[in-house]
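Given next are the chains, with one letter for each unit.
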Amino acid sequence: MKKNRYKSNDSNKVWGGRFKSSTNRLMEEFNSSIEFDKNLYIEDIEGSVVHSEMLARQKIISKRDYQLIKTGLNKIKKEIDNKKLIFSSKLEDVHMNIENRLIELIGDTGKKLHTARSRNDQVATDIKLWLRKKIDDVELNIKSFQAILIKKAEHHYDLLMPGYTHLQVAQPVTFGHYLLSYVEMFGRDRGRLIDCKERMNESPLGTAALGGTSYPIDRNFVAKKLGFSKPTSNSMDSVSDRDFVVEFISCSSLISIHLSRLAEDLVLWSSDGFNFVKFPESFTTGSSIMPQKKNPDSAELIRGKSGRIFGNLISLMTTLKGLPMTYGKDLQEDKEPLFDTVSTIQTCVKIMSGIIQDLEPQRKNMLDALQKGFPTATDLADYLVTDLNIPFRNAHQITGKIVLLAEKKGSTLENISLEELRSFIPNADKKILEVLKTENSIAKKTSYGGTAPQNVKKAIIKAKKTYLKD
Ligand code: ARG
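These numbers were taken from a predicted model, which means no experiment stands behind them.

Caption draft 1: Layout of a nonpolar patch on the surface. A surface patch of nonpolar side chains, about 290 Å² in accessible area, is lined by Leu210, Met236 and Met325. When you line up the elements, leucine 210 lands in the loop between strand 3 (202-203) and helix 9 (219-225).

Caption draft 2: The arrangement of the packing of aromatic side chains in detail. Following the criterion strictly, the structure yields 9 aromatic pairs and no others. Between tyrosine 178 and tryptophan 269, the ring centres sit 4.8 Å apart and the planes meet at 50°, which makes this aromatic pair tilted. Residue tyrosine 178 is located in helix 8 (residues 175-200), and its partner tryptophan 269 is located in helix 11 (residues 243-269); the two are separated by 91 residues in the primary sequence. Residue class for tryptophan 269 comes out buried when judged on its relative accessible area of 4%.

Caption draft 3: Structural detail: the site of the ligand. The environment of the ligand is made up of Ser33, Asp37, Asp93, His95, Arg119, Asn120, Val123, Tyr327, Gln332 and Lys335. Take glutamine 332: an N or O atom from its side chain is 2.7 Å from a nitrogen atom of the ligand. At a separation of 2.5 Å, an oxygen atom of the ligand approaches a polar side-chain atom of lysine 335. Computed on the free molecule, the ligand has an accessible area of 340 Å², of which 86% lies beneath the protein chains in the complex. Element by element, the count of residues in the shell around the ligand is highest for helix 7 (residues 119-155), at 3 residues. In terms of residue class, the shell around the ligand is made up of 2 nonpolar, 4 polar and 4 charged.

Caption draft 4: Up close: the side chain of aspartate 65. Assignment of secondary structure puts aspartate 65 in helix 5 (residues 63-81). Assessed through its relative accessible area of 8%, aspartate 65 is described here as buried. Not counting the four nearest positions on each side in its chain, aspartate 65 is found in contact with Thr109 and Lys112.

Caption draft 5: Highlighting the nonpolar core. Within the largest apolar cluster, 96 residues are counted, with the highest numbers of intra-cluster contacts made by Leu259 and Met352. Setting aside residues no more than four positions away along its own chain, leucine 259 makes contact with Phe145, Phe186, Ile302, Ile345, Cys348, Val349 and Met352. The next biggest cluster of nonpolar side chains, apart from the first, holds 22 residues, and it includes Ala381, Ile398, Leu413 and Leu436.

Caption draft 6: The side chain of threonine 207, seen in detail. Here threonine 207 is to be found in the loop between strand 3 and helix 9. In terms of polar contacts, threonine 207 uses its side chain to reach the backbone carbonyl oxygen of proline 204, at 2.9 Å. Apart from residues no more than four positions distant in its own chain, threonine 207 is found in contact with Asp121, Gly212, Arg219, Thr232, Ser235, Ser238 and Val239.

Caption draft 7: Region of the structure containing the pairing of strand 1 (residues 160-165). Across 6 bridges, strand 1 lies against strand 2 (residues 168-174) in antiparallel orientation. Note on strand 2: the bridge partner recorded for threonine 165 is glutamine 168. Taking the residues between adjacent antiparallel strands as the criterion, strand 1 and strand 2 are bridged by 2 residues, where histidine 166 takes a positive phi near 55°.

Caption draft 8: Just the pattern of salt bridges, in detail. Counted by the stated rule, this structure contains 29 salt bridges. When the shortest N-O distance is used, the salt bridge between lysine 77 and aspartate 81 registers 2.8 Å. Here lysine 77 and its partner aspartate 81 are both found in helix 5, 4 residues apart, which amounts to about one turn of the helix. In this structure aspartate 81 comes out as partly exposed when scored by relative accessible area, which is 32%. Note that glutamate 247 is salt-bridged to arginine 199, the shortest N-O span being 2.6 Å. With glutamate 247 in helix 11 and arginine 199 in helix 8, the pair connects residues that are 48 residues apart, well separated along the chain. Note on arginine 199: relative accessible area 53%, which makes it exposed.

Rules used throughout
Residues numbered from 1 in each chain as written. Predicted model: local features only at pLDDT ≥ 70, side-chain atom pairs only at ≥ 80, totals over all residues. Heavy atoms only, no water. Patch = residues over 30% accessible without salt bridge, like charges linked within 9 Å, V, L, I, M, F, W, Y side chains within 5 Å. Areas by Shrake-Rupley, 256 points an atom, 1.4 Å probe, with all protein chains shown as cover. Salt bridge = Lys/Arg side-chain N within 4 Å of Asp/Glu carboxyl O. Helix = DSSP H or I, 4+ residues; strand = E, 2+ residues; numbered from the N terminus. Phe/Tyr/Trp six-rings, centres within 6.5 Å; stacked < 30°, edge-to-face > 60°. Buried < 20%, exposed > 50% of the residue type's maximum accessible area, 1.4 Å probe, protein only. Near = heavy atom within 4 Å. Polar contact = N/O pair within 3.5 Å; in protein donor to acceptor, adjacent residues only side chain to side chain. Nonpolar A, V, L, I, M, F, W, Y, C, P; charged D, E, K, R; others polar. Contact = heavy atoms within 4.5 Å. Core = buried A, V, L, I, M, F, W, Y, C linked by side-chain atoms within 4.5 Å. Pairing = 2+ DSSP bridges.

By themselves, these observations are geometric and do not establish any function.
Printed below as a string of structure tokens:
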């Protein structure tokens, strides 16, 4: 039994009938995908069981054949689960390894399984079945991460910090508001994953090699039984496109862009220059030479992994772009970028969840940095417009001069005296001093989506309803 499986003579291969000489050894390794597509064995068996059931219902094989095939396939699943089945690269891929084992187990009946299908529709089906589950997993991971962000935002809904543009202090915001901005980004990411899953959820099985089949198969039955919304409409499209994989890796690329930006903020904010956050020690590492160091490697790796995911996207798009219709073995190159993307993105989301959960914002440092950046300059200009009827452009000029004075004196805007202010704005009254206070500035940012702490409180309630319900 084993002897046949490993013999190099190609007449023993399932496709060996028309071959006179055997495959080059290097070619055999080069051609084989079993090392990675063994990941798909559960889905491959699931698809084969339903396919054989359909063949029996349509009287293409007998009920007994179906029972034998089903029992054999379930046994193979257990063998693989328990690492009992040794895969062979001579048998190329997961599909042929399983089929070969079935024939070993149940004899000639096993040879009937591949009736009315091809590996081309089989592999497309397997990937869809596999990816569908993974999309659910990733989506759920992101949902849990959003819950952590929202909880953190709840704790710090009114914690003042500088908001930046051009990485320069712009206006005060709250840490809670900042965290909720990521809740929105990851919310859209989840939406994209759900769309992607829905669009790809059509069954390719039964489109066979490329043109369909002359057997009286029932593709609707197979589609329904495998949880697809319907069968795909065009057999050539079914076996040759991997747009659904591209779409998923694109979704993952956006997730990793968002994670990477968050990671970048955390790397900056945990550095000595900022000191806005204390990075959880459990997600940092030390230096082999500098004893004082505690490096935010986890965030740096998340930032770095985004390059890897974009690479996977480019890799697959390049594979697809020049592919003549329909199937070409190039398509075997779809799996590694996909598998790598799924595991990378899942790990990154989980690691970032852990970081945010235990991250400790440093209130005092945030406030100090805020004051140094003249963050209420816009409020002052707005006050000159609304209360003193000065046109905005002039108000902007005057405020600029006051900032210059504060800068010269090494003072914050809040510490400029009324007399000094009056040298620029003769009719200014005491109210101007209130305008320059950061907590007053932020309390006024009540426009929808703005950062006033009271707004943030409401936004948290809304975010819970939108993103955390079942
Ligand atoms: N291992 C192959 C793949 O991943 C399965 C399909 C093989 N089809 C073929 N016509 N050789 O694409």
